[in-house]
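Structural overview
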Amino acid sequence: MGYVYSLPMRKDEPLLLSTPPRFQTKRFDELTLRELQQIHITRSLVFTVGQQILAQEPDEADFESVHFFHADEAGRVLAYLRLFDLMTVDDGYHRPIEGAWTVGRVAVREEARGTGLGRALLHEAISWVRENTEARQLVISAQSYLKDSYYGAAGFVQVGEPYLEVGIEHVEMVLNF
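These numbers were taken from a predicted model, which means no experiment stands behind them. (Residues numbered from 1 in each chain as written. Predicted model: local features only at pLDDT ≥ 70, side-chain atom pairs only at ≥ 80, totals over all residues. Heavy atoms only, no water.)

Turning next to the overall build of the protein. Within the protein one finds 3 helices and 8 strands. Helices and strands in the protein line up, N terminus first, as β-β-α-β-β-β-α-β-α-β-β. Within the span of the protein, comprising 177 residues, buried residues form 50% of the whole. The long-range share in the protein, meaning contacts at least 24 apart out of those at least 6 apart in sequence, stands at 63%. (Helix = DSSP H or I, 4+ residues; strand = E, 2+ residues; numbered from the N terminus. Buried < 20%, exposed > 50% of the residue type's maximum accessible area, 1.4 Å probe, protein only. Contact = heavy atoms within 4.5 Å.)

Our focus in this paragraph is helix α1 (residues 33–50). Its 18 residues give α1 an end-to-end C-alpha distance of 24 Å, which sits within 8% of 26 Å, the value for a rise of 1.5 Å per residue. At Ser44, α1 is bent by approximately 35°, the largest bend along its length. Two residues or fewer past α1, Gln52 is found with a positive phi of approximately 55°. (Expected span 1.5 Å × (residues − 1). Bend = angle between axes of the 7 residues up to and from the residue.)

Its place among the elements puts Ser141 in strand β6 (residues 137–143). Polar side-chain contacts of Ser141 include one of 2.7 Å to the side chain of Tyr163. Here Glu165 takes part through its side chain, which lies 2.7 Å from a polar atom of the side chain of Ser141. Apart from the residues lying within four places of it in its own chain, the contact partners of Ser141 are His94, Tyr163, Glu165, His170 and Val171. (Polar contact = N/O pair within 3.5 Å; in protein donor to acceptor, adjacent residues only side chain to side chain.)

Quick look at the nonpolar core now. Side chains that are nonpolar tend, in soluble globular proteins, to be buried together. One finds Leu83, Tyr151 and Phe156 to be the most contacted residues of the largest nonpolar core, which totals 31 residues. Listed by contribution, the elements that provide at least two residues to this core are β3 (66–71), β4 (77–85), β5 (100–108), α2 (117–132), β6, α3 (147–151) and β8 (168–176). Take this core: its biggest share by element is 8 residues, from α2. Counting residues in hydrophobic clusters, the runner-up holds 8 residues, among them Ala61, Phe84, Ile97 and Val139. (Core = buried A, V, L, I, M, F, W, Y, C linked by side-chain atoms within 4.5 Å.)

What follows covers the environment of Glu172. Relative to the elements of secondary structure, Glu172 occurs in strand β8. For the pair Glu172 and Glu161, spaced 11 residues apart in sequence, the C-alpha separation works out to 7.8 Å. Sequence-distant contacts of Glu172, defined by excluding residues within four places in its chain, comprise Arg95, Val139, Ile140, Val157, Gln158, Val159 and Tyr163. At 2.7 Å, the side chain of Glu172 forms a polar contact with the side chain of Arg95.

Let us now look at the pairing of strand β7 (residues 157–165). Remark: a regular strand shows side chains that alternate across the two faces of the sheet. Judged from the 6 bridges that link them, β7 and β8 form a sheet pairing that is antiparallel. Paired with Val159 across the bridge in β8 is Glu172. The loop that links β7 with its antiparallel partner β8 comprises 2 residues; one of these, Val166, has a positive phi angle of about 45°. (Pairing = 2+ DSSP bridges.)

We now examine a nonpolar patch on the surface. Among the surface-exposed residues, Ile41, Leu45 and Val49 lie close enough to one another that they form a single nonpolar patch of about 230 Å² accessible area. Take Val49: it is sitting in helix α1. (Patch = residues over 30% accessible without salt bridge, like charges linked within 9 Å, V, L, I, M, F, W, Y side chains within 5 Å. Areas by Shrake-Rupley, 256 points an atom, 1.4 Å probe, with all protein chains shown as cover. Salt bridge = Lys/Arg side-chain N within 4 Å of Asp/Glu carboxyl O.)

Counting through the fold element by element, Gln143 comes out in strand β6. Engagement of the side chain of Gln143 in a polar contact is seen with the side chain of Gln51, the distance being 2.9 Å. With sequence-adjacent residues up to four places away left out, Gln143 is seen in contact with Gln51, Ile53, Ile168, Glu169 and His170.

Below you can see the structure in the form of structure tokens.
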């Protein structure tokens, strides 16, 4: 796999980085040790330190996930998410759904926030799923505070009522293809 993507600029959503970001997508066994450690550092900074989530990080689902990320020139992973097929991977949070993939562990380092990198990450990941899988939809467990400004802006629609996951209010959201 090991694809590298460059994001074209969109007129309605300016990217404030000096150059368009390049995203990489790799299966677990394709990651270098340095990339894997950088992913763990970014996820830990965002979820464990930043949000004080005490759930296991990383987890078993990482072995079967597609890892989608942007690293700077020094190799620091500034933005990350993982993707997987809901019929083949069990992360303990999502139910199996035929024809659906999920996006999770969306993490952008604090110094990269507000640059458009997080939006670019999500848009490119959605494109990757459309182009490389037979998924008919993406089903996500979104932190509620991001449901409109981040996920809703990308086309996701809330289904159902809010619920607690790892002590934080979440909502299920769906993007149909």
